[in-house]
Amino acid sequence: MKSASTTTLPPAKLAANFKATSSKAASQGVLRPALVLFVSLTVLCGVIYPLAVTGIGKAVFPDQASGSLIVQNGKLIGSRLIGQEFSAPNYFWGRLSATSPMPYNAQASGGSNFGPSNPALIDAVKGRVDALKAADPTNTLPIPVDLVTASGSGLDPEISLAAAYYQAGRIARERKLSVDTVHSLIDSLQLRRSLGFFGEPRVNVLALNLALDRATERQHPAAN
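Just so it is clear, the model here is predicted, and its values are computed rather than measured.

### What about the side chain of glutamine 167?
Part 1 of the argument: Locating glutamine 167 in the fold gives a position in helix α4 (residues 161–175).
Part 2 of the argument: Of the residues examined, glutamine 167 reaches a relative accessible area of 1% and is grouped as buried.
Part 3 of the argument: Polar contacts involving the side chain of glutamine 167 include one to the side chain of arginine 170, which spans 3.1 Å.
Part 4 of the argument: Glutamine 167 has contacts with Tyr91, Phe92, Trp93, Leu147 and Ile159, leaving out every residue within four places of it along the chain.

Shown next as structure tokens:
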């Protein structure tokens, strides 16, 4: 009776087969956990976390989470976070904006990128100083820097108290209000330093101009 014969592979082929089998098992063992981790992190970081943060923001800070919008008589007129252009002499003028193609373009936030020694910036500042003096020739107060330079973002909705006080005389004259009345409006809307030491006291230009309209309407109803 013949015994069954066995086939013995060469050592080199055995090693190659073992290596291929091991590589296949290893790749299958790594691929599945990697895919599970990828999907889990995508759902966690791309769906659950944004929804949770948005929900908490709307519940705790509903105004800020919605864009700090200002609504008057049911009409949306702006945001406390983005400046608007005011050029009429009976309104407070805000921080200049260098965004394009128009000022305060929230889709193109940025500054002019002119350095302090750039001749173009120096000429622009001189022109702005001349325009402020022409608008209020009797004003002897020093011109605040934020009235003649643009903000880095181009969207700054606030001006310093000095910039607001500088304009008070012109606005009082244009509105036929007392300077004290205009100063009182500025003081009542003053924003303090964040946490008591971050930033500088300032005032929101849009909020100030809206308060100015209301004050004018109270004192001169026929003018509105």
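### Considerations on a nonpolar patch on the surface
Part 1 of the argument: A cluster of nonpolar side chains, Leu37, Phe38, Val39, Leu41, Val43, Leu44, Val47, Ile48 and Leu51, forms an exposed patch at the surface whose accessible area comes to about 850 Å².
Part 2 of the argument: Within the secondary structure layout, valine 39 lies in helix α1 (residues 11–60).

### Things to note about the pattern of salt bridges
Part 1 of the argument: The final tally for this structure, using the stated rule, is five salt bridges.
Part 2 of the argument: Among the salt bridges present, the one from arginine 202 reaches glutamate 158, with a minimum N-O distance of 2.7 Å. Taken together, the residues span a long stretch of sequence, with arginine 202 in strand β4 (residues 202–204) and glutamate 158 in strand β3 (residues 158–160) at a distance of 44 residues.

### Topic: the nonpolar core
Part 1 of the argument: In this structure, Phe92, Ala164, Val182, Ile186 and Leu208 are the most contacted members of the largest nonpolar core, which totals 27 residues.
Part 2 of the argument: Counting only elements with at least two residues in this core, the list comes to α4, α5 (179–188) and α6 (205–219).
Part 3 of the argument: If near-sequence neighbours (up to four positions away) are discounted, alanine 164 is found in contact with Phe92, Ile159, Ile186, Val203 and Leu208.

### Comments concerning empty space enclosed by the protein
The probe, sized like a water molecule, is rolled over the atoms to show the empty space still left.
Part 1 of the argument: Inspection of the entire model under this criterion finds two cavities of 30 Å³ or more.
Part 2 of the argument: Lining the largest cavity, in full, are Ser79, Ile82, Gly83, Gln84, Phe86, Pro157, Asn204, Val205 and Leu206.
Part 3 of the argument: Reported here for the second largest cavity is a volume of approximately 30 Å³.
Part 4 of the argument: Lining the second largest cavity, in full, are Trp93, Leu132, Ala135, Asp136, Asn139, Tyr166, Gln167 and Arg170.
Part 5 of the argument: Elements represented by at least two residues in the lining of the second largest cavity include exactly α3 (119–135) and α4.
Part 6 of the argument: Looking at the lining of the second largest cavity, the element that brings in the most residues is α4, giving three residues.
Part 7 of the argument: Classifying every residue of the lining of the second largest cavity gives four nonpolar, two polar and two charged.

Calculation rules
- Residues numbered from 1 in each chain as written.
- Predicted model: local features only at pLDDT ≥ 70, side-chain atom pairs only at ≥ 80, totals over all residues.
- Heavy atoms only, no water.
- Helix = DSSP H or I, 4+ residues; strand = E, 2+ residues; numbered from the N terminus.
- Buried < 20%, exposed > 50% of the residue type's maximum accessible area, 1.4 Å probe, protein only.
- Polar contact = N/O pair within 3.5 Å; in protein donor to acceptor, adjacent residues only side chain to side chain.
- Contact = heavy atoms within 4.5 Å.
- Patch = residues over 30% accessible without salt bridge, like charges linked within 9 Å, V, L, I, M, F, W, Y side chains within 5 Å.
- Areas by Shrake-Rupley, 256 points an atom, 1.4 Å probe, with all protein chains shown as cover.
- Salt bridge = Lys/Arg side-chain N within 4 Å of Asp/Glu carboxyl O.
- Core = buried A, V, L, I, M, F, W, Y, C linked by side-chain atoms within 4.5 Å.
- 1 Å grid on protein atoms, 1.4 Å probe; cavity = no way out; pocket = protein on both sides within 12 Å on 5 of 7 lines; lining within 4 Å.
- Points joined across faces, edges and corners; volume = space filled by probe spheres on them.
- Nonpolar A, V, L, I, M, F, W, Y, C, P; charged D, E, K, R; others polar.

Bear in mind that shape data such as this cannot, by itself, settle questions of function.
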